[in-house]
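# Results of the structural survey
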Amino acid sequence: DIIKYSDDIADSAEDIIKHSDDIADIGKGISKFSDEVEKFIKEDVRLEYQNTVRGAFEGDAKVTILEKDTIVYRYHGGKSIKEGHWYTTSKTSSPVRDLALPSENTCEFVDEFIIPKGTKLLEGTVAPNFGQPGGAHQLYIPDVSKIIKK
């Protein structure tokens, strides 16, 4: 029986090897995001941050060019700095939970900023991360030089 099972395993392994290119192709090109979002990530987000940005959003992320100046908030403290790429459009009483922030961010500070009209950004729902559920609305702004401290 052991010899029979080992032959079956060997046959299965041969089938997997024979079809490995087909199996690898299944995952290629599959994204939870639109082509426009993927293009934005590839062209506007630094390579080393692209997977982080993809993982931080639910599938509803969209590229937006602001039609008016927009007030946003950034929670920070501990090892998290005041300025950055990540913002939210509304205050929350549970920023760590709602924004799925890492424990290094103590959220002891919340600052208001203005993102000017015409700024291109990525927005959508915060995906679960760092053991937190997320669910709030967030913005990722690749060009932080445009952000104005209020």
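Check the entry above for the structure.
A short tour of the structure in this document, coming up. Starting afresh in each chain, residues are numbered from 1 along the sequence in its written order. Side-chain atom pairs in this predicted model are given and counted only at pLDDT of 80 or more, local residue features only at pLDDT of at least 70, and totals for whole chains, interfaces and linings cover all residues. To get the side-chain values, all heavy atoms of the structure are used, and hydrogens and water are removed first.

## Some details on helix 3 (residues 35-44)
Heads up, the condition is: Burial status follows relative accessibility: with a 1.4 Å probe on protein chains alone, a residue under 20% of its type maximum counts as buried, one over 50% as exposed, and anything between as partly exposed. Starting at the N terminus, helices and strands are each numbered in turn, a helix being any DSSP run of H or I of at least four residues and a strand any DSSP run of E of at least two. Read the arc as the range of directions from the helix axis to the C-beta atoms. The contact definition used throughout considers only heavy atoms, calling two residues in contact when any of these lie within 4.5 Å.
Of the residues making up helix 3, those classed as buried are V37, E38, F40 and I41. One side of helix 3 carries all its buried residues, which in axial view fall inside an arc of 160 degrees. Along helix 3, the residues that are exposed and aim more than 90 degrees away from the buried face are D35, K42 and E43. Looking at the buried residues of helix 3, the elements they touch are helix 4 (50-56), strand 1 (62-65), strand 5 (120-125) and strand 6 (137-140).

## Comments concerning the pairing of strand 6
Every other side chain in a regular strand lies on the same face of the sheet, so the side chains alternate between the two faces. Note the cut-off: Two strands qualify as a pair provided that DSSP identifies no fewer than 2 bridges between them.
Across 3 bridges, strand 3 (residues 86-88) lies against strand 6 in antiparallel orientation. Counted as the bridge partner of Y87 is L139 from strand 6. The pairing of strand 5 with strand 6 spans 4 bridges and is antiparallel. Its bridge partner lying in strand 6, E123 is registered against L139.

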